[in-house]
Amino acid sequence: MLETPAAVTRASWADIAACYDELMARPIDATTVEAWLEAWSRLEEAVSEAISSAMIEYTRDTADEAKQAAQRRLVIEIAPKAEEKSVALAAKFARLGWTRPGLEQMTARFRRAIEIFREENVPLTSALEEAATEYQGLTGGFMADWDGEKKPLPHLAPFLQSPDRTIRERAFHGMVGPYVAARDQMASLFDRQYELRQRVAANAGFADYQAYAFASKCRFDYTPGDCAEFHRSVEAVVVPAIERLHAVRRRSLGLERLRPWDLNVTPYRDEPLRPFKTGTELAVKAGRLFDQLDPALADQFGIMTREGLLDLDSRKGKAPGGYCDTLHHRGRPFIFMNAAGVIEDVQTLLHEAGHAFHAFASDAKPLIWQRHPTAESAELASMSMELLAAPLLDAPGAFLSPRDAAIARLEHFEDALITLAHVASIDAFQTWIYTDPSGRDGVARDRAWLRIRARFERAVDWTGLEAERIGRWYRQLHVFLYPFYDIEYGIAQIGALQVWQNYRRDPADALARYRDFLSLGATASLPELYRAAGAELVFDADRMAPLVAAVEEELARLRAVVG
Ligand SMILES: [Zn+2]
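Here we summarise the structure given alongside this text. Predicted, not measured: the structure shown is a model, and the values here were computed from it.

Here's the deal with the overall build of the chain
Step number 1: Counting its secondary structure elements, the chain contains 22 helices and five strands.
Step number 2: Its C-alpha atoms give the chain principal-axis dimensions of about 75 × 50 × 45 Å.
Step number 3: Looking at the chain as a whole, 58% of its 563 residues qualify as buried.
Step number 4: Restricting to contacts in the chain with at least 6 residues of sequence separation, those with at least 24 account for 75%.

Here it is in structure tokens:
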């Protein structure tokens with residue numbers, strides 16, 4: 001048996017396959033099945049950590065050929081084959097017809113994985129991984145010309161906040177330009193992904209890839225119809241609130257019309273907030289903030305700092321974006337991001353730290369399948385942490401003065417509303433792509449994006465910027481890498497706003513519930529997990545409206561503090 005991630009990394013596929021085959025051959029009955037599950041879980045921990053580590057190392061340095069080769073071998077070749085072996089073991093487990101309390105969710109997810117598994121999809125999954133790697137390599141290499149210097153795109157983020165409008169406009173074009181220039185290349189990459197995904201869905205007996213995605217993501221508790229209602233609710237309730245806050249922004253900035261480069265500058269300060277300079281400083285200050293929030297969480301963050309589990313600074317060759325991955329063998333999370341010294345980086349770190357705390361809390365569950373809930377719950381952990389930690393941005397030794405912290409919170413709440421509209425637009429767009437026959441056509445996709453985006457993004461003037469507005473969806477990493485992974489953010493944001501309301505009423509109780517929810521890992525259903533955190537799943541405008549109203553009240557209060 002391969003006991004460690006290092007052993008898996010060194011092993012040939014034949015050696016890894018032999019471990020799965022040994023488990024497959026081992027007879028199981030009601031008295032031996034738990035030991036068998038534990039042995040299987042240990043193997044999955046080693047395999048999953050080997051794959052995660054290869055992925056992490058590659059995203060830290062996309063230009064390193066050895067890391068790229070290791071990533072390709074583990075993620076593209078081995079992971080889909082290992083997945084096939086896992087599904088066979090899940091089927092063996094399901095045939096036994098045995099379960100016990102605490103394993104219901106695992107059993108349901110196993111059944112679903114078996115139902116949708118098709119052998120002919122294994123090479124298609126590898127081809128999809130290959131296309132995803134291509135997207136990361138391509139976008140990781142995007143550079144902007146800035147004052148005669150080539151800069152990675154995340155390095156332009158601070159200039160989008162410049163009080164000088166011409167600098168903001170240049171930064172906007174610098175960041176969007178490479179996507180506009182690569183539009184045709186990215187459109188044909190997406191053509192490939194589209195065809196592969198629709199074939200995967202058809203092979204598994206689904207009408208389209210959206211239906212397949214609902215099944216493969218184990219969305220047991222809501223439907224595409226609920227998501228369409230979510231889009232309509234956001235359009236009815238959130239979009240008008242965004243129009244109101246954009247009107248305030250426009251007046252504060254003294255502008256006739258808001259252009260896309262006017263959305264990141266703060267109207268409340270002469271200079272943008274610069275809460276830290278280096279990744280090290282970001283980690284130290286975040287550590288102080290967590291000290292004030294909760295000693296146990298602060299301890300966990302301290303472990304991450306000491307054990308080198310944070311890679312925060314942006315640098316050349318790093319893949320874009322931010323994520324938190326779990327190293328299941330070590331029982332540790334890893335946080336990756338591209339910090340450039342802006343306040344959004346602090347929000348990102350708080351967000352990823354929420355995922356990390358979730359990983360720490362659920363590591364106590366003995367089996368790997370009991371730890372990671374579906375994304376709606378994972379993002380509830382991270383988005384709630386953003387809101388729970390926000391009142392401590394001005395804690396002693398943390399990031400900001402009280403007035404600046406109020407500005408940061410104001411902009412964070414504005415961003416929460418804008419994000420809801422954004423995810424609704426992305427989800428509605430992907431729904432269209434995979435359910436309308438025109439979704440296969442690159443030009444039709446761009447047109448549909450403009451039409452759908454206009455429903456959710458009003459009050460911003462994109463005149464003369466059609467190519468740039470189209471470029472926005474090509475920048476949406478999830479559409480290429482993790483299709484339909486966006487509505488979860490919307491569902492979770494609405495959940496997190498409920499946790500925030502509980503926190504305002506009773507901080508200790510809200511935090512205790514939050515930690516209970518984290519420690520459940522994946523052992524309860526989605527509605528049960530939300531209930532544990534003190535929230536519920538909301539798709540309808542009736543229940544969304546009071547939450548949006550509470551945010552607007554808080555915005556008014558914070559504006560009064562900021563003056
Ligand atoms: Zn997240």
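Quick look at the packing of helix α12 (residues 295–306) against helix α13 (residues 343–362)
Step number 1: Relative orientation of the contacting elements α12 and α13 amounts to 100°, with a least axis distance of 10 Å. By the criterion of interaxial angle, the relationship of α12 to α13 is roughly perpendicular. In this structure, α12 uses L297, Q300, F301, I303 and M304 to contact α13, whose residues at the interface are L349, A356, F357 and F360.
Step number 2: Tallied by class, residues from the contact of α12 with α13 come to eight nonpolar, one polar and no charged.

Some points on the pattern of salt bridges
Opposite charge on two side chains makes pairing possible when the charged atoms of those side chains draw close.
Step number 1: Counting across every chain of the model gives 45 salt bridges.
Step number 2: Taken together, the shared-partner salt bridges connect E57, R60, K67, D311, R315 and K318 into one network.

Concerning the nonpolar core
Step number 1: One finds F290 and F480 to be the most contacted residues of the largest nonpolar core, which totals 157 residues.
Step number 2: Looking at this core element by element, the count peaks at 17 residues for helix α15 (residues 402–435).
Step number 3: Apart from residues no more than four positions distant in its own chain, F480 is found in contact with Y135, M186, L189, F190, Q193, R197, W473 and Y474.
Step number 4: One finds L23, V75, A79 and F93 within the second-largest nonpolar core, a separate group that totals 35 residues.

A closer look at the coordination of the zinc ion
Step number 1: Protein coordination at the zinc ion comes from H351 (NE2), H355 (NE2), E379 (OE) and E379 (OE), with a distance range of 2.1 to 2.6 Å.
Step number 2: Metal-centred angles of 53 to 142° between the four donor atoms at the zinc ion mark the site as irregular.
Step number 3: Along the chain, the residues donating to the zinc ion are arranged with the sequence spacing H-x3-H-x23-E. With H351 in helix α13 and E379 in helix α14 (residues 375–389), this residue pair connects regions lying 28 residues apart in the sequence. Of the two residues, H351 and E379, both sit in the buried class.

Focus: the environment of G439
Step number 1: Residue position: G439 is located in the loop between α15 and α16 (442–456).
Step number 2: A relative accessible area of 0% means that G439 is categorised as buried.
Step number 3: Each C-alpha atom of the pair G439 and A496 lies 33 Å from the other, and the pair is 57 residues apart in sequence.
Step number 4: Once you skip the residues sitting within four places of it in the chain, G439 turns out to touch Y194, W432, I433 and R445.

What about the side chain of Q193?
Step number 1: Along the chain, Q193 falls in helix α8 (residues 183–203).
Step number 2: The buried category is assigned to Q193, whose relative accessible area is 0%.
Step number 3: From its side chain, Q193 meets the backbone oxygen of F480 in a polar contact 2.8 Å long.

Thoughts on the packing of aromatic side chains
Step number 1: Following the criterion strictly, the structure yields 33 aromatic pairs and no others.
Step number 2: Between the aromatic rings of F93 and F110, the centroid separation amounts to 5.7 Å while the plane-to-plane angle is 85°, which identifies the pairing as edge-to-face. Of this pair, F93 sits in helix α4 (residues 65–96) while F110 sits in helix α5 (residues 104–116), and the two are 17 residues apart along the sequence.
Step number 3: Look at F290 and F301: their rings are 5.1 Å apart centre to centre, the planes differ by 55°, and that puts the pair in the tilted class.

Digging into the environment of P178
Step number 1: Relative to the elements of secondary structure, P178 occurs in helix α7 (residues 165–181).
Step number 2: In the structure, P178 is positioned 297 residues away from R475 in sequence and 9.8 Å away in space, judged by C-alpha atoms.

Conventions we followed
Residues numbered from 1 in each chain as written. Predicted model: local features only at pLDDT ≥ 70, side-chain atom pairs only at ≥ 80, totals over all residues. Heavy atoms only, no water. Helix = DSSP H or I, 4+ residues; strand = E, 2+ residues; numbered from the N terminus. Buried < 20%, exposed > 50% of the residue type's maximum accessible area, 1.4 Å probe, protein only. Contact = heavy atoms within 4.5 Å. Axes fitted to C-alpha atoms, helices over the stretch in contact; angles between N-to-C directions. Parallel < 35°, antiparallel > 145°, perpendicular 65-115°, else oblique. Nonpolar A, V, L, I, M, F, W, Y, C, P; charged D, E, K, R; others polar. Salt bridge = Lys/Arg side-chain N within 4 Å of Asp/Glu carboxyl O. Core = buried A, V, L, I, M, F, W, Y, C linked by side-chain atoms within 4.5 Å. Donors = N, O, S within 2.8 Å, 3.2 Å for Na, K, Ca; no water. Tetrahedral: all angles 85-135°; square planar, octahedral: opposite > 155°, others 65-115°. Polar contact = N/O pair within 3.5 Å; in protein donor to acceptor, adjacent residues only side chain to side chain. Phe/Tyr/Trp six-rings, centres within 6.5 Å; stacked < 30°, edge-to-face > 60°.

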